[in-house]
Amino acid sequence: MSTAGRTLRLMALALLAVSFAARANHAARGVPLKAEEVSFAGATDVIRLAGTLTRPGNVPKAQRLPAVVLIHGSGPNDRDETLYGHKPFLTLAEAFTASGYAVLRYDKRGVGASNGTPKGATLIDYAADAEAAFDYLKSRPDIDGARIGLLGHSEGGMIAPLIASRRADVAWLILLAPPTVNGREIVQYQNAQGALDRGATEKAALEAADSARALFDIVTSDLPETERDARLLAALRQVREARNLPEAFVEGQRNTLMSNWFRHILTYDPVPALQAVKQPALVLFAERDHQVPPSLNEGPARAALAGNPAATVRVLPDLNHLFLMTHSGAVTEYPYIKGSLGQGLLDALHDWLDRRASPESSARTPS
């Protein structure tokens, strides 16, 4: 296309465009949304994932829409990423759909209406499930396969770059609180910060971190599995006795620490996948996140994406790991927080999507 033609095209798009925020507000005043229950094969044909596909109710079915797959964090998450009554993925789906996108969110394997089991699964398996969701969208005649993005939260923020690094057909990425250091650093931080949030002294929090470090040394060792398990069991019993914890602590921690998922996450390095991302990417951290803190993760994110001129990294004030308005950021505060996703997050998404990835701007060159 000539320079004059491109200019006319962009002028026309500018006249037609309505901001993400304005469209979302308009939807809140009554623009209908259509929700379709869907299912598709996951990483293997044995795994069947169930989810919800939402699309604007005022758009003809024949119109091919841009779309996004929502990829959850760790744990047994349903399609809304429900936690303590909060449903961040439901809110995101409504905002994106109201703004002209089709949105696919799904129950993780073994959760809700999805079959399969999380037993034995690692980050790589969950990435294969998310990639299957992406391919499902591409297969639909009502979706524009050239305009499908990925939004990953927390662990999903590691999965999305893993997919995008090997798939040029991923149009864009939004990463919310993505870990950008190995899982060991993250979990050691969480142990210490969690102790402080529960009222422990700084000395006790450091002891908790040291205790976790010793357990992780056992878990990641090259010992035969039976010997590794025996040493871990003995170490957990010492922790239980020292802290006067119930017996159930030992078995619960043993099952988690010896799982394939946990062993893999302790040593997984998210940086190579981030470095390989060439698509437009928005990376958002929450200032008061006590699970994936910016103090550990913002710097590595900026360094890993330094070669990508279409990448933006920001820290949003006053939000926690779930991107809710918070006083402290502590996980213990989650059940008591009222309200939905912070306006700061929605505004950041509105601004970035309108400039880089909105339905009307697919022909634009990223600035």
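We now turn to the structure provided with this report. Along every chain, residues carry numbers that run from 1 in the direction the sequence is written. Predicted model: local features are reported for residues with pLDDT of at least 70 only, side-chain atom pairs are reported and counted for 80 or more only, and whole-chain, interface and lining totals are derived from all residues. In computing side-chain properties, one takes all heavy atoms of the structure into account and sets aside hydrogens as well as water.

## Remarks on the pairing of strand β2 (residues 48–56)
(1) Moving on: Relative accessible area decides the class of each residue, using a 1.4 Å probe on protein chains only: under 20% of the type maximum gives buried, over 50% gives exposed, and in between gives partly exposed. Each helix corresponds to a stretch of at least 4 residues labelled H or I by DSSP, and each strand to a stretch of at least 2 residues labelled E; elements are numbered beginning at the N terminus. In terms of burial, β2 is a largely internal element, eight of the nine residues being buried.
(2) Moving on: Strand pairing is assigned whenever DSSP identifies at least 2 bridges connecting the two strands. Where strand β1 (residues 33–41) meets β2, nine bridges bridge the pair, whose relative direction is antiparallel. What sits directly across from Leu33, in β2, is Pro56.
(3) Moving on: Bridge analysis of β2 against strand β4 (residues 102–106) gives four bridges, and the strand direction is antiparallel. Within β4, the residue paired with Thr52 across the bridge is Arg105.

## Quick notes on the packing of helix α6 (residues 183–197) against helix α10 (residues 260–267)
(1) Moving on: To obtain an axis, a line is fitted to C-alpha atoms, over the contacting stretch when the element is a helix, and the angle between two such axes runs from 0 to 180 degrees between their N-to-C directions. With their axes 5 Å apart at the nearest point, α6 and α10 run at an angle of 100 degrees to one another. The orientation of α6 with respect to α10, classified from their angle, is roughly perpendicular. From α6, Gly183, Arg184 and Val187 reach across to α10, where they touch Phe262, Ile265 and Leu266.
(2) Moving on: Each residue gets one label: Ala, Val, Leu, Ile, Met, Phe, Trp, Tyr, Cys and Pro are nonpolar, Asp, Glu, Lys and Arg are charged, and the others, such as Gly, are polar. Classifying every residue of the contact of α6 with α10 by side-chain character gives four nonpolar, one polar and one charged. These descriptions rest on fixed angle ranges, namely under 35 degrees for roughly parallel, over 145 for roughly antiparallel, 65 to 115 for roughly perpendicular, and the rest for oblique. Any two residues having at least one pair of non-hydrogen atoms within 4.5 Å are treated as being in contact.

## Topic: the packing of aromatic side chains
(1) Moving on: For this analysis, a ring pair means two rings from Phe, Tyr or Trp (six-membered ring only for Trp) whose centres lie within 6.5 Å, classed as stacked if their planes differ by under 30 degrees, edge-to-face if by over 60, and tilted for the remaining angles. Under the criterion given, the structure shown has nine aromatic pairs.
(2) Moving on: Aromatic side chains Tyr101 and Trp172 sit 6.3 Å apart centroid to centroid with 85 degrees between the ring planes, which places their arrangement in the edge-to-face category. Highlighted residues: Tyr101 in the loop between α3 (88–98) and β4 and Trp172 in the loop between α5 (156–164) and β6 (173–176), separated in sequence by 71 residues. With respect to burial, Tyr101 and Trp172 carry one shared label: buried.

## Observations regarding the pattern of salt bridges
Side-chain pairing between opposite charges can occur once the charged atoms of the two side chains come close.
(1) Moving on: Each reported salt bridge corresponds to a side-chain nitrogen of Lys or Arg within 4 Å of a carboxyl oxygen of Asp or Glu. All chains considered together, the criterion is met by 26 salt bridges.
(2) Moving on: For Asp142, the salt bridge goes to Arg55, with nearest N and O atoms at 3.2 Å. You can see Asp142 sitting in the loop between α4 (123–139) and β5 (143–153) and its partner Arg55 sitting in strand β2, a full 87 residues away along the chain. Each of the two residues, Asp142 as well as Arg55, counts as buried.
(3) Moving on: Salt bridges linked by common partners bring Glu131, Asp135, Lys138, Arg166, Arg167 and Asp169 together as one network.

## Side note on the environment of Arg213
(1) Moving on: Examined against the element boundaries, Arg213 turns out to sit in helix α7 (residues 202–219).
(2) Moving on: Judged by its relative accessible area of 32%, Arg213 falls in the partly exposed class.
(3) Moving on: As for Arg213 and Gln188, which are separated by 25 residues in sequence, their C-alpha atoms are 6.7 Å apart.
(4) Moving on: Apart from the residues within four sequence positions on either side, Arg213 is in contact with Arg184 and Gln188.

## Considerations on the nonpolar core
(1) Moving on: Ile71, Leu150 and Leu173 are the most contacted members of the largest nonpolar core, which has 63 residues in total.
(2) Moving on: Examining the composition of this core, we find that eight residues originate from one element, α4, more than from any other.
(3) Moving on: If sequence neighbours within four positions are ignored, Leu150 has contacts with Val68, Val69, Ile71, Phe134, Ala160, Ile163, Val170, Trp172, Leu173 and Ile174.
(4) Moving on: In plain words, nonpolar cores are sets of buried Ala, Val, Leu, Ile, Met, Phe, Trp, Tyr and Cys residues tied together by side-chain atoms within 4.5 Å. Within the second largest apolar cluster, 28 residues are counted, among which are Phe89, Val103, Trp172 and Leu341.

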